[in-house]
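# Observations on chain architecture
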Amino acid sequence: MLFCIGFLSPSAAGQDGFDVTVRGVVRDEVSRRPVAFVNVFLPGENIGTVTNGEGAFSLKIKSSNLEKVLEFSCMGYAGSRISLQDFDSEKNHTVWLKPVSQLLSEVRVYGSDAKLIVMEAIEKIASNYSLSPNILNMFYRETITKGSRYVAVSEGILDAYKSPYDRRTVRSDRVRVNKGRQVLSQKAGDTLAVKIQGGPRLAVDFDLVKNEDVLFDGRSIDYYEYTQEQYMMLDDRLQYVIRFTPCVTLDYPLYYGILYIDTQTLSITRAEFSLDLSDRQQADNAILRKKPAGLRFRCLEASFVVSYRMRGELFFLDYVKSLLRFRCEWKRRMFASAYIASSEMVVVDMDEAPASAIPHSESFGNRDYFDESAPCNWDRDFWKDFNIIEPTESLEKAAAKLSRLYRR
């Protein structure tokens, strides 16, 4: 199965006590189009989610929180707060976000050397991120398409143990899968025995603030050129926008992309970056873990998004997304097949004072993969005790279709 990732099944730890669900769609106030990947959360609580590709969201909360407000934040938009009492659990509500890019010209900010801003942001990691261990409860979804057709959908509820951010290492960080499901195409032509980078360990491997092996350790920071671009707003806070591109050639691929850095705290709040594909062989080797003999693998795109959300005075990992486009071709066959493997995870709850770390025996390893015996169950009640990223209409229909084929 392509894009193999691990699946463990210790006892599920659901988010008990949720008895109210609020639903809606977030739209741009000017264009009236849906806004994807908007953070939706309760200020002062650790409960949250993000909107899907169609701007839709649902959030399960406790009835005791109905006196509070729901907050919406997204890059380039003014933050919005709406009283939960304005939501009717029987209806979908429309939430309007106002673009704020036109307001930036009114804000006077003195720029600085772009590389220096990045270096100072790295120096301040211990001041801006948690120095106490915590466990992030995360919803994870992975989809695989062949051409325009879904061939696999996998979902899970994960626990990610994050050790303190006083050092940029993830050696002690671990991921555990509490609950999961998947549906796979049963067509022989959709199956490939290849393994590529990704999976539930995104919360560990691509936490670039903590994992210096991803970007900008003491040596690699000099491998890039940095340019400062127009400021942006996130959560009503001004952000430096720093573009970085490789300036050296090495025997392994580098990245290019954009960093968003809070102008007040110099915290890295968001990163959008992609693998440099100028050397195709290097890129393929960086992404591919395993393939059968006779199969040609070619990486076409490897892009990532990592974002952090402010809780109190500190920033915490909030959302990770990866998108891998690649082509596979068997020798002596005329046509190649194009695939897209997309993964995303969002923090839906957090334990800021865990009694212990995730035991090594329960942790998700680099060699683990979703077992094909994982339950195939696509009824709407499967996630009744958990907050999730709502599936898009096309994904929901595709998963239902695959589920019916799976049962035949």
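Residues numbered from 1 in each chain as written. Predicted model: local features only at pLDDT ≥ 70, side-chain atom pairs only at ≥ 80, totals over all residues. Heavy atoms only, no water.

## A word on the sheet that holds strand S3 (residues 48-50)
- A sheet is described by the order of its strands in space; here four strands give the open sequence S3-S2-S5-S6, paired in antiparallel fashion. The open sheet is flanked by S3 and strand S6 (80-83), the only strands paired with a single partner. Strand-to-strand, the axes of this sheet are offset by a mean angle of 20 degrees, without reference to chain direction.
- Taken together, the three bridges between strand S2 (residues 39-41) and S3 define a ladder with antiparallel strand orientation. Among the inter-strand pairings, Val40 is bridged to a residue of S3, identified as Thr49. (Pairing = 2+ DSSP bridges. Helix = DSSP H or I, 4+ residues; strand = E, 2+ residues; numbered from the N terminus. Axes fitted to C-alpha atoms, helices over the stretch in contact; angles between N-to-C directions.)

## Notes on the side chain of Asn211
- If you trace the backbone, Asn211 turns up in the loop between helix H3 (202-205) and strand S12 (224-234).
- Only 2.9 Å separates the side chain of Asn211 from the backbone oxygen of Asp205, close enough to count as a polar contact.
- Sequence-distant contacts of Asn211, defined by excluding residues within four places in its chain, comprise Arg168, Val170, Val204 and Asp205. (Polar contact = N/O pair within 3.5 Å; in protein donor to acceptor, adjacent residues only side chain to side chain. Contact = heavy atoms within 4.5 Å.)

## Regarding empty space enclosed by the protein
- Scanning the model with the defined rule gives two cavities of 30 Å³ or more in all.
- Empty space within the second largest cavity amounts to approximately 30 Å³.
- Leu234, Asp235, Arg237, Gln239, Thr269, Tyr308, Met310 and Phe315 are the residues that line the second largest cavity.
- For the lining of the second largest cavity, the secondary structure elements donating two or more residues are strand S13 (237-246) and strand S17 (295-311).
- Of the residues assigned to the lining of the second largest cavity, the class counts are four nonpolar, two polar and two charged. (1 Å grid on protein atoms, 1.4 Å probe; cavity = no way out; pocket = protein on both sides within 12 Å on 5 of 7 lines; lining within 4 Å. Points joined across faces, edges and corners; volume = space filled by probe spheres on them. Nonpolar A, V, L, I, M, F, W, Y, C, P; charged D, E, K, R; others polar.)

## A word on the pattern of salt bridges
- Under the criterion given, the structure shown has 19 salt bridges.
- The salt bridge involving Lys397 is made with Glu393; its shortest N-O contact spans 3.2 Å. In this pair, Lys397 and Glu393 both sit in helix H5 (residues 393-407), four residues apart, roughly one turn of the helix.
- Take Lys397: its relative accessible area is 54%, and that puts it in the exposed class.
- Salt bridges linked by common partners bring Lys162, Asp173, Asp207 and Lys210 together as one network. (Salt bridge = Lys/Arg side-chain N within 4 Å of Asp/Glu carboxyl O. Buried < 20%, exposed > 50% of the residue type's maximum accessible area, 1.4 Å probe, protein only.)

## Looking at helix H1 (residues 114-123)
- Taken together, the buried positions of H1 are occupied by Ala114, Ile117, Val118, Ala121 and Ile122. Considered in projection along H1, the buried side chains sweep an arc of 135 degrees and stay on one side of the axis.
- In this structure, the buried residues of H1 make contact with helix H2 (125-128), S12, S13, strand S14 (255-262) and strand S15 (268-275).
- Its side-chain oxygen 3.3 Å from the backbone nitrogen of Lys115, Asp113 forms the N-cap of H1. (Arc of directions from axis to C-beta.)

## Focus: helix H4 (residues 280-287)
- By the burial criterion, the buried members of H4 are Gln282, Ala283, Asp284 and Ile287.
- Two or three places before Gln281, at the start of H4, stands the capping residue Asp279, its side-chain oxygen 3.2 Å from that residue's backbone nitrogen.

## Re the sheet that holds S13
- Pairing is antiparallel in the open sheet, where ten strands are placed in the order S10-S9-S8-S19-S18-S17-S15-S14-S13-S12. Two strands bound the open sheet, and with one partner strand each, they are strand S10 (174-184) and S12. On average, each strand axis in the sheet is inclined to that of its neighbour by 15 degrees, with strand direction left out of account.
- The sheet contact formed by strand S8 (residues 134-146) and strand S19 (residues 337-351) spans twelve bridges and is antiparallel.

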